[in-house]
Amino acid sequence: MDDFYKLQDLFNQCLDIQAPDERLRFLESLKQTEFAPLLPQLLALLEADSAQFDDRLKPAKPEEPSATLPRFGPYQADSLLGRGGMGIVYLAHRADGQYTQTVAVHVISTALDPALGPQPLLRERQILAGLKHPGIAQLYDGGVNPDASPYLVMEYVKGEALDAYCRNQKLTIAARIELIRKVCSIVAFAHRNLIIHRDLKPSNILVDEQGEPKLLDFGTARLIEQNAPSTTQPPTEPMLTPRYASPEQLRNRPVATTTDVFALGVMLAELLTGHWPFGDPSSRIAAIRRAVEDIEPTPLEGGITEKHAQECSVSLQKLRHQLGGDIKAIVSKCLESNPERRYNTVEELNEDLRRFLADEPVTARPSNSLYRVQKFLLRHRLPVAAATLALLAIFGIAIYALIQERQARREADRAVTARLAFEQVMMTLGPKSTIADFAKGFKLGLTSKELPPELRVDMLMAAATAAATATDFPGNIAMLEQAAQEAEKTGDNFGQSLALAKLAMSLTQMGKMLESEAAARRALS
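Computed from a predicted structure; not experimentally measured.

1. So, the pairing of strand S4 (residues 102–108)
Burial analysis of S4 places 6 of its 7 residues in the buried class, which makes it a mostly covered element. In this structure, S4 lies alongside strand S6 (residues 150–155), joined through 5 bridges in antiparallel fashion. Note that in S6 the partner of Ala104 across the bridge is Met154.

Right, dumping it as structure tokens:
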């Protein structure tokens, strides 16, 4: 934290000094003080702030091209493509008449890294020329200008910067991840050839009309030391883009393949969320803090705007849901301040992204049985859904069969009970008994305590029929009304409707039309 406040104070002092010579004297004076270890971080912050430095401390900004554009050996510059802290890029053509070729010429400033002099550059240029990959802009030639600044003649790539392409094409989250995977494959190829890019950023990755990315600008790339397979010493002064630089770059420490993993993580986070994962990229305080502290990135699903969701062809709510879980863990692992906690290689990052898209468990998250089961269900969602429906259908058929079996058993029990009750009634009647006696016997049978409630409904309607046959219409109506009441108590809707329907018919026969209509309405309800 002390370094943070010291660096903030030095940074503000530099900004207060407007005259270039005075600022230069101030910076040179720091080399002999306790603040000397902070000078690399301070220079990186001032570079990011687009401050003006002396040639000895930063790359000189090239002058605006005049009417006569420079020539680089057999190549004649046609127009200015871009400029930055690392130099200037021209669109050029071969002008010696041997053949026609359009190229991009990158003039590299060596002020921040004296190691990129003519001889070291020649060695690294030979290595870069061997990077034959369709995703890497081809190096054609190189040389040194009269002012001793080296230049590289590169393949001219026509396309959009990575972030602009995703935004303009409204790529989905899955499509953006697939595009980053292609970039990972390109960077992994460079790493296998002992090259660390050190300055990966969207403007250095152009996407052509076929949707294929091309990696540009290896002017800041460094060879991995032969005696240390994954690291290389830092330059004398930092050559980087602070927004995508790793903590070890900002602190002028040795870089490794994990340095490029960090930059890929920053780009991935920006493509997924639409914003820089460490806050406001234009904030000077945020830049200073990253140079001296380990800053945690903001949650991946936080701060997403409706506009960015539209650019991802998805609703805001769904986008927030998509950016939780595994992809959040992958980005967090890329952005670890400690390089040892990041993915060891770009291939590991690429594989985890493939696993995420395939709904397989990712290495960025602790694995457990429940997590693996969840991923299995996601990977096989259609077969699992079909199997689930089949099981539900089988289960439903089994339940229906069980209900039918119980219903049949219940009906059989009711039939046996009804037969016994009927036999009991018949035993009370003699050979000269009338229908009226039969109905009366049914009434006596209804008083039995052993008679189930649902059977009482059947007995009441049978007794009502007997009463009607004996022209005992009042008794018929009374027993039908009682049957309807008993059915209602037991929840026998069918029995209740049947009793009310018979009651409506009996009332009609007796000329009681209003009561008949009321009973019929109750039966229909």
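The discussion continues.
2. A short note on the sheet that holds strand S10 (residues 213–215)
Spatially, the 3 strands line up as an open sheet ordered S7-S9-S10, and their pairing is antiparallel. At either end of the open sheet lies a strand with only one pairing partner, and these are strand S7 (160–161) and S10. As paired elements, S7 and strand S9 (residues 205–207) share 2 bridges and run antiparallel to each other. Residue pairing in the sheet places Ala161 in a bridge with Leu206 of S9. Where helix H6 (residues 173–192) meets the sheet, it contacts S9 and S10, and its direction lies at approximately 35° from that of S10.

3. Side note on the packing of helix H12 (residues 326–334) against helix H13 (residues 346–357)
Running from N to C, H12 and H13 cross one another at 170°; their axes reach a closest spacing of 10 Å. Classified by the angle between their axes, H12 and H13 sit roughly antiparallel to one another. Contact residues: Asp326, Ile327, Ile330 and Cys334 in H12; Leu349, Asp352, Leu353 and Phe356 in H13. The residue inventory of the contact of H12 with H13, partitioned by class, reads 6 nonpolar, no polar and 2 charged.

4. Brief notes about the confidence of the model for the protein
With 67% of its residues at a pLDDT of 70 or more, the protein has an overall mean of 76. Of the regions scoring below 50 in pLDDT, residues 50–66 engages in 37 contacts with residues more than four places distant in sequence or in other chains. Note that residues 225–229 has pLDDT below 50 and, in this model, 5 contacts with residues that lie over four places away or in other chains.

5. Things to note about the packing of helix H19 (residues 493–509) against helix H20 (residues 513–524)
Running from amino to carboxyl end, H19 crosses H20 at an angle of 165°, the nearest separation of the two axes being 8 Å. One element, H19, and the other, H20, form an angle in the roughly antiparallel class. As for the relative orientation of H19 and H20, their crossing is left-handed in sense. Contacts between H19 and H20 pair Ser497, Leu500, Ala501, Leu503, Ala504, Leu507 and Thr508 from the former with Met513, Glu515, Ser516, Ala519, Ala520, Arg522 and Ala523 from the latter. In terms of residue class, the contact of H19 with H20 is built from 9 nonpolar, 3 polar and 2 charged.

6. Considerations on the nonpolar core
As a rule of thumb, nonpolar side chains are buried together in soluble globular proteins. Within the largest apolar cluster, 65 residues are counted, with the highest numbers of intra-cluster contacts made by Leu272, Ile327 and Leu353. Of all the elements in the fold, those that place two or more residues in this core are S6, helix H5 (162–169), H6, S9, helix H8 (257–273), helix H11 (316–322), H12 and H13. Dropping the residues within four chain positions of it, Leu272 is found in contact with Ile173, Ile177, Leu300, His308, Leu319, Leu323, Ile327 and Val331.

7. Some remarks on the side chain of Gln76
Mapping Gln76 onto the fold places it in strand S2 (residues 75–84). Here Leu69 takes part through its backbone oxygen, which lies 3.0 Å from a polar atom of the side chain of Gln76. Aside from chain neighbours lying at most four places away, what touches Gln76 is Leu69, Pro70, Arg71, Leu91, Ala92, His93 and Ala95.

8. Description of the state of the cysteines
According to the stated counting rule, one finds 0 disulfides in the structure shown. We note that Cys166 lacks a disulfide partner, and the nearest cysteine sulfur, in Cys312, lies 8.5 Å from it. As a non-bridged cysteine, Cys334 has Cys184 as the owner of its nearest cysteine sulfur, 7.6 Å distant. For Cys334, a relative accessible area of 0% translates into the label buried.

9. Section: unusual backbone geometry
Even without being a glycine, Lys170 presents a positive backbone phi close to 50°. If you trace the backbone, Lys170 turns up in the loop between H5 and H6. The class for Lys170 is partly exposed, based on a relative accessible area of 43%. Residue Leu194 is not a glycine yet carries a positive backbone phi of 65°. Here Leu194 is to be found in the loop between H6 and strand S8 (195–196).

Conventions and cut-offs
- Residues numbered from 1 in each chain as written.
- Predicted model: local features only at pLDDT ≥ 70, side-chain atom pairs only at ≥ 80, totals over all residues.
- Heavy atoms only, no water.
- Buried < 20%, exposed > 50% of the residue type's maximum accessible area, 1.4 Å probe, protein only.
- Helix = DSSP H or I, 4+ residues; strand = E, 2+ residues; numbered from the N terminus.
- Pairing = 2+ DSSP bridges.
- Contact = heavy atoms within 4.5 Å.
- Axes fitted to C-alpha atoms, helices over the stretch in contact; angles between N-to-C directions.
- Parallel < 35°, antiparallel > 145°, perpendicular 65-115°, else oblique.
- Nonpolar A, V, L, I, M, F, W, Y, C, P; charged D, E, K, R; others polar.
- pLDDT = per-residue confidence, 0-100.
- Left-handed = near helix turned anticlockwise from the far one by under 90°.
- Core = buried A, V, L, I, M, F, W, Y, C linked by side-chain atoms within 4.5 Å.
- Polar contact = N/O pair within 3.5 Å; in protein donor to acceptor, adjacent residues only side chain to side chain.
- Disulfide = S-S within 2.5 Å.

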